[in-house]
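Below are the chains, spelled out letter by letter.
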Amino acid sequence: MQLVAAINKPKLGLHSDAGSSKIYCNRHNGLLWYTLNNSEASAITQTALTGYLKELKFEKCERRGKEVYKLLITIQADRPYILESGHETHFAKSVLAAIATLTPQQLYSPITLQPTPGTTDESVLFCRVWVGSELVMASYNEQTEWREVSKQALAVTKAALEMAF
């Protein structure tokens, strides 16, 4: 509990990290992941993000004049990071499949998300999920029941947040 309290403490003094940082996880703009600053894509050069998984949620929003669903992944690290991906993308499916295989106890530790480009299609982006130094192996295919996988991933995340040590 002291560790979680220490992570949730705000930074004191002058800094540039107020609020959360929204990260877009897709291969638009020729990048793996990026932030937007005045509608301009700004590349994230780091290859992984490590922190505590605080929330997984689906959100309906409008993009390019169309109503779409996004997966929002909140990671608490040096500040809150909100990763956004289309709910049916390989990035989202990679994360959901991996988280669904974990226990709440595993999510009590930091996880690492690592965007990984597809090798045969330049528009595809996957996400590797690590717990400590262990890569979480979770496969999926066309027969995968995504509603059930999503429910399990959301339930594991919620249970981890409710754990008290």
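Throughout what follows, the structure given in this document is the object of discussion. Everything numeric in this text was worked out from a predicted model, so none of it was measured.

## Regarding the overall build of the protein
(1) Moving on: A tally of regular secondary structure across the protein gives four helices and nine strands.
(2) Moving on: For the protein, the N- to C-terminal ordering of α and β elements is α-β-β-β-β-β-β-α-α-β-β-β-α.
(3) Moving on: Looking at the protein residue by residue over its 165 residues, the buried ones come to 37%.
(4) Moving on: Partitioning the intrachain contacts of the protein with sequence separation of at least 6 by distance along the chain shows that 56% fall at a separation of at least 24.
(5) Moving on: As displayed, the protein has an accessible area near 10,300 Å², and 51% of this comes from carbon and sulfur atoms.

## Looking at the packing of aromatic side chains
When we look at a pair of aromatic rings, we describe it by the centre distance and by the angle of the planes.
(1) Moving on: By the definition in use, this model includes two aromatic pairs.
(2) Moving on: Considering the side-chain rings of Tyr24 and Tyr34, the 5.7 Å spacing of their centres and the 25 degrees angle between planes classify their relative orientation as stacked. Of this pair, Tyr24 sits in strand β1 (residues 21-25) while Tyr34 sits in strand β2 (residues 33-37), placing them 10 residues apart in sequence.
(3) Moving on: Judged by relative accessible area, Tyr24 falls into the buried class, the value being 15%.

Calculation notes
Per chain, the residues get numbers from 1 upward, laid out in the order the sequence is written. Predicted model: local features are reported for residues with pLDDT of at least 70 only, side-chain atom pairs are reported and counted for 80 or more only, and whole-chain, interface and lining totals are derived from all residues. Hydrogens are left out, water is left out, and the side-chain values use all remaining heavy atoms of the structure. Counting from the N terminus, the helices are DSSP H or I runs at least four residues long and the strands are E runs at least two residues long. Only protein chains enter the calculation, and the probe is 1.4 Å; a residue is then buried if its accessible area is under 20% of its type maximum, exposed if over 50%, and partly exposed in between. Throughout, a residue-residue contact means that at least one pair of heavy atoms, one from each residue, lies within 4.5 Å. Note on areas: Shrake-Rupley, 1.4 Å probe, and residue coverage restricted to the protein chains presented here. Only Phe, Tyr and Trp rings are paired, with Trp represented by its six-membered ring, and only when their centres lie within 6.5 Å; those with planes under 30 degrees apart are stacked, over 60 edge-to-face, the remainder tilted.

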